[in-house]
Amino acid sequence: MKIKGTEIKVVMGDITELRVDAIVNAANNKLVMGGGVAGAIKKKGGRIIEDEALKQGPIEIGEAVATGAGELAAKYVIHAATMGLDFDTDEVKIRNSCRSALRVAEELKIKSIAFPALGCGTGKFPFLASAKIMAQEALKHLRRKDTTLKEIIFCLYDQKAFAFFKKGVLGYLEYVTEKLSGGPFVTVDALIELPDGIVIIKRSNPPFGWALPGGFVDYGESLEDAVKREAKEETDLDLTGIKQFHTYSKPNRDPRFHTIGTVFIAKAIGKPKAGDDAAGLKIIGLNEIKDLDFAFDHKKILQDYINYKQGKDSF
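Rules used throughout
Residues numbered from 1 in each chain as written. Predicted model: local features only at pLDDT ≥ 70, side-chain atom pairs only at ≥ 80, totals over all residues. Heavy atoms only, no water. Helix = DSSP H or I, 4+ residues; strand = E, 2+ residues; numbered from the N terminus. Buried < 20%, exposed > 50% of the residue type's maximum accessible area, 1.4 Å probe, protein only. Contact = heavy atoms within 4.5 Å. 1 Å grid on protein atoms, 1.4 Å probe; cavity = no way out; pocket = protein on both sides within 12 Å on 5 of 7 lines; lining within 4 Å. Points joined across faces, edges and corners; volume = space filled by probe spheres on them. Nonpolar A, V, L, I, M, F, W, Y, C, P; charged D, E, K, R; others polar. Core = buried A, V, L, I, M, F, W, Y, C linked by side-chain atoms within 4.5 Å. Axes fitted to C-alpha atoms, helices over the stretch in contact; angles between N-to-C directions. Parallel < 35°, antiparallel > 145°, perpendicular 65-115°, else oblique. Left-handed = near helix turned anticlockwise from the far one by under 90°.

**Student:** Mind showing me how you'd approach the environment of Phe125 here?
**Tutor:** Here Phe125 shows up in the loop between β6 (112-115) and α4 (127-144). For Phe125, a relative accessible area of 16% corresponds to the buried category. Residues Phe125 and Phe245, spaced 120 residues apart in sequence, show a C-alpha to C-alpha distance of 43 Å. Those residues in contact with Phe125, other than ones at most four positions away along the chain, are Thr89, Asp90, Glu91, Ile94, Gly119, Cys120, Ser130 and Ile133.

In structure tokens, the structure reads:
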């Protein structure tokens, strides 16, 4: 499968035979290459790999460094420390080491990288759990930045591990990118309280009508940061003292998509002015709400707000 132009593969075979730019060694933090994947890499690629690695160690568990690949078909070995010499590993160590390996790959500006099942050899971590952790880190990496990587391979040595990784990587990523990508989508709106009333904007895009300032939450953004950003973009106001009011989630509340919207109450600093995303802006008293046409379920939200101000519970 592909994510933003990068091919994700799960294959069964010997990682030391792969013709990729870099293979990942599930290393200990001392970078001593003993048994398991590390031992196989040293045996086939030569002791020069371990000698180069030891010059850079020890490293923190969860960190990664790169060396040459000796006699291997690959150009580099990225040593990702999933444990210490006590062979103890866990979710955080595997997650951090996978993330570090991808970071090093970007620093090397390589196009292809192959991972073993991190933590599953001497660390005895469950294959399916490792697969999902590594899939999550690969997805986050590809979503957050431009990448030189065109191919990420998960290479497993036997049928059992291959089956777990096929389910935990490809099955999991297909679920996240295909099923979950259809929604519901996360939105925020702001009930901005000014001395003269509540700020509303006239929408310049369908669905048309008056609405509370707000919009979609960007990937990697908190609800609080999103509502501050949207309010600034649409009203030129800086929100202060924000607090959550209520979350609205009926599937038909938005005619475009299934959205789940969290509404915040806030004060503001500045002079309100319609931004590029708004066709107009006004400040209304609560008694004016019934006479205006609102997009989405924003009339209901404002009525719930009126009830709240009157000490009634709409929920």
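This is not the end of the story, as more comes after the structure.
**Student:** Is there a simple way to think about the layout of surface pockets in this case?
**Tutor:** In this approach a probe as big as a water molecule rolls over the atoms, and the regions it shows empty are the leftover space. In this structure, the largest pocket encloses a volume near 650 Å³. Counting residues per element, the lining of the largest pocket draws most heavily on helix α1 (residues 36-45), at six residues. Of the residues assigned to the lining of the largest pocket, the class counts are 19 nonpolar, 11 polar and four charged.

**Student:** Just checking my understanding: could you explain the nonpolar core for this structure?
**Tutor:** What tends to happen in soluble globular proteins is that the nonpolar side chains get buried as a cluster. Grouped together as the largest cluster of nonpolar side chains are 39 residues, with contacts concentrated most on Ile113, Phe115, Ile152, Phe154 and Val169. Mapped by element, the contributors of at least two residues to this core are β2 (6-12), β3 (22-28), β5 (76-83), α3 (91-108), β6, α4, β7 (151-156) and α5 (159-179). The residues contacting Phe154, other than those within four sequence positions of it, are Ile8, Lys9, Val10, Val11, Phe115, Met134, Ala138, Phe165 and Val169. Ile200, Ile265, Phe294 and Leu302 belong to the second largest nonpolar core, which has 17 residues in total.

**Student:** It is not clear to me how the packing of α4 against α5 should be interpreted in this structure. Could you clarify?
**Tutor:** Each pair of packed helices can be summarised by the angle the axes make with each other and by the distance between the axes. With their axes 8 Å apart at the nearest point, α4 and α5 run at an angle of 40° to one another. By the criterion of interaxial angle, the relationship of α4 to α5 is oblique. Helix-helix and strand crossings are classified by hand; for α4 and α5 the assignment is right-handed. Contacts from Phe127, Leu128, Ser130, Ala131, Lys132, Met134, Ala135, Gln136, Leu139 and Arg143 of α4 reach α5 at Ala161, Phe164, Phe165, Lys167, Gly168, Val169, Tyr172, Leu173, Val176 and Thr177. Along the lines of polarity and charge, the residues of the contact of α4 with α5 split into 13 nonpolar, four polar and three charged.

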